[in-house]
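Here is how the chains run, residue by residue.
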Amino acid sequence: MSKTKVLAFLDHEEGRDVEIIMPLVYYAETYLEASVEFAFVWDVYAIQRVKPALVLLPNAIGSPLYYEISKWSYKNDIPLFTLISEGNFRTDGTFNYWGYNKDKLIYQAYVCHWSQRTKDFLTEKLPAYKDKMVLTGALGFDRYSIYQFAQKEELLKKLGKGQYRKVIGYAGWAFGKLFNKQGRQEIQYLHKDNPGRLKWMEDQMYQVESILKKTVENNPDILFLFKRHPNEANPSIVGEGMNEMIRLKDHDNVVYLKEGIPIHDLISASDLWMAFESTTTMESWVMKDSPTLLINPDPDFKRDKLYLGSLIANDYTQLQRYLDEFFKEGDIAAFHSEELVAKRQQLIKDTIGFADGFNHIRAGHYLEKVMPRKQMNSKTIQLPARYRIMYGLMHLGKFVYVKAIFRRLPKFKKTIWIFERFRLKNLTLLKKTYYRYLADFHAKHKIADKIRSGDILHEIIEVNATIRE
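Residues numbered from 1 in each chain as written. Predicted model: local features only at pLDDT ≥ 70, side-chain atom pairs only at ≥ 80, totals over all residues. Heavy atoms only, no water.

(A) View of the overall build of the protein chain. Of regular secondary structure, the protein chain possesses 19 helices and twelve strands. For a compact globule of 469 residues, the expected C-alpha radius of gyration is about 23 Å, and the protein chain comes in at 23 Å, within 12% of that figure. With the principal axes as the frame, the protein chain shows a C-alpha extent of 70 × 60 × 45 Å. Here the protein chain holds 469 residues, and the buried ones make up 54% of them. Contacts in the protein chain between residues far apart in sequence, at least 24 positions, make up 76% of those at least 6 positions apart. (Helix = DSSP H or I, 4+ residues; strand = E, 2+ residues; numbered from the N terminus. Rg over C-alpha atoms; globule rule 2.2 N^0.38 Å. Buried < 20%, exposed > 50% of the residue type's maximum accessible area, 1.4 Å probe, protein only. Contact = heavy atoms within 4.5 Å.)

(B) Spotlight on the packing of aromatic side chains. Inspection of the entire model under this criterion finds 31 aromatic pairs. Look at Tyr 74 and Tyr 107: their rings are 5.0 Å apart centre to centre, the planes differ by 45°, and that puts the pair in the tilted class. In this pair, Tyr 74 is assigned in helix H3 (residues 64–75) and Tyr 107 in the loop between strand E4 (80–82) and strand E5 (111–113), connecting sequence segments 33 residues apart. Plain terms: the ring middles of Phe 358 and Phe 441 are 5.5 Å apart, the flat faces sit at 55° to each other, and that makes the pair tilted. Of the two residues, Phe 358 is situated in the loop between helix H12 (338–352) and helix H13 (359–370) and Phe 441 in helix H17 (residues 427–444); the sequence distance between them amounts to 83 residues. Aromatic ring contacts, followed pair by pair, group Trp 173, Phe 175, Trp 200, Phe 276 and Phe 301 into a single cluster. When the ring centre of Phe 335 is taken as reference, the NZ or CZ atom of Arg 344 above it lies at 3.6 Å. (Phe/Tyr/Trp six-rings, centres within 6.5 Å; stacked < 30°, edge-to-face > 60°. Lys NZ or Arg CZ within 6 Å of the ring centre and 35° of its normal.)

(C) Up close: empty space enclosed by the protein. The full count for this structure, using the stated rule, is one cavity of 30 Å³ or more. In this model, the largest cavity occupies a volume close to 40 Å³. (1 Å grid on protein atoms, 1.4 Å probe; cavity = no way out; pocket = protein on both sides within 12 Å on 5 of 7 lines; lining within 4 Å. Points joined across faces, edges and corners; volume = space filled by probe spheres on them.)

(D) Fine view of the side chain of Asp 271. Relative to the helices and strands, Asp 271 is located in the loop between helix H9 (263–269) and strand E10 (272–275). Take Asp 271: its relative accessible area is 18%, and that puts it in the buried class. One polar contact links Asp 271 to Lys 152, side chain to side chain, over a distance of 2.8 Å. A distance of 2.7 Å separates a polar atom in the side chain of Asp 271 from the backbone nitrogen of Val 167. Dropping the residues within four chain positions of it, Asp 271 is found in contact with Lys 152, Arg 165, Lys 166, Val 167, Ser 290, Phe 326 and Phe 327. (Polar contact = N/O pair within 3.5 Å; in protein donor to acceptor, adjacent residues only side chain to side chain.)

(E) Just the sheet that holds strand E9 (residues 254–257), in detail. Spatially, E9-E8-E7-E10-E11-E12 is the arrangement adopted by the six strands of the open sheet, whose pairing is parallel. Across the chains shown, the open sheet's two edge strands, defined by having one partner strand only, are E9 and strand E12 (311–313). Across the sheet, the axes of successive neighbouring strands diverge by a mean angle of 25°, strand direction being ignored. As paired strands, strand E8 (residues 222–227) and E9 are joined by four bridges and run parallel to one another. Paired with Phe 224 across the bridge in E9 is Val 254. This element, helix H6 (residues 152–159), spans strand E7 (166–171), E8 and E9 of the sheet and lies at about 75° to E8. (Pairing = 2+ DSSP bridges. Axes fitted to C-alpha atoms, helices over the stretch in contact; angles between N-to-C directions.)

(F) View of the pairing of strand E3 (residues 54–57). Burial of the side chains of E3 extends over both faces: Leu 54 and Leu 56 are buried on one face and Val 55 and Leu 57 on the other. Taken together, the three bridges between strand E1 (residues 4–10) and E3 define a ladder with parallel strand orientation. Bridge pairing in E3 places Leu 7 opposite Val 55. In this sheet, E4 lies alongside E3 in parallel orientation, the contact comprising three bridges. Bridge pairing in E4 places Val 55 opposite Leu 80.

(G) Geometry of the layout of surface pockets. As a volume, the second largest pocket reaches approximately 610 Å³. Residue lining of the second largest pocket: 24 residues in total, with Lys 158, Gly 260, Pro 262, Asp 265 and Leu 430 positioned closest to the centre. Counting residues per element, the ones that place at least two in the lining of the second largest pocket are helix H1 (16–31), H6, H9 and H17. In terms of residue count, the dominant contributor to the lining of the second largest pocket is H17 (six residues).

Coordinates in, geometry out; function isn't part of it.
If you want it as structure tokens, here you go:
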């Protein structure tokens, strides 16, 4: 029997979206007789070339191109299955749940919610789409129950910092948006009710930078891994942008990272994890039982409730006190108080739904419902001519692309991200690595047997999240 052709789009071979989509691709190819082909997000024309039976996306609203792929798949009667890249959204009415979808129409077969909280919220807001709202959990968090990650010694050797024994990771916030026009416009758009937001962000950034600087300089025996926020600036913006970390990157005990090392490896190799505000704190909770610290000079601002599960340092003195306790005692007692433990358990449930590694199986159940059993090779697919032109320019441009030259040309430098990413060159190796972990996990839990017997659906819905506390 021929395989069902699925076309999956990605904007990068590493990071959030590939982590979300890869477990579901494994499920589709292992259990749903699918053959999945990957395409770069710029290559919308792939829909017309490949003529897939189904289009798969990590999200439908997170970028203009994901939205356009969604719309044109729908217009050509191609089944569309999408996940949600940022599923931990606010349910107090302040979140724009349409994102870049200017049509304000749901084109995908299902809206795959991370949590019951967001499912209930969007069902109430969009009752016409009630039947499309489903709970799958956050697929990107499955990897913390399935994959193997870099250990401290391994990562430090890779970074040329093997002499350190103490490691602290820090996830950057999107302070860099302050320093480019598009970022400032985005902040003003998302915070229309708060005209002082830009000034507040700038003030917080410099305070956080000051705290980090003192901490780095007063702890020369600790290696600090500073990870730039992936959405700090649009990928078309090249060059080094200002943020709360970049002016500290030349210290001997600092490694400043933008790409190349997955966030999960950084968390795994760090003794404890810090941020200003980041979902990565919860990734740390799910992966291991070590403290998470938030550096918040002003802790009273509109944000997700995830901060309730971490310890908060308002200034350098408080932060240093926590670090001293951790490296002297091996832990921070306050992090394991009954109150914080209970809050983290509830936050995990309210945020990612489940922490058991089965979210891709939950999503796979719904994917199976829309997976066609026939190809579309004879179907005529209509797309605007500009997508074919974009495809042609991408492949012609690769013959003249020289990054050093393109950086100097105002119009061309906006295309650097395309030529740097479009080949998705490491995706094959990543897929092979992840499939090995996923196969072991499925064998351990006898997933194939449970699918054949029909027991899997009941089990994965009834099973409780495994929370390491």
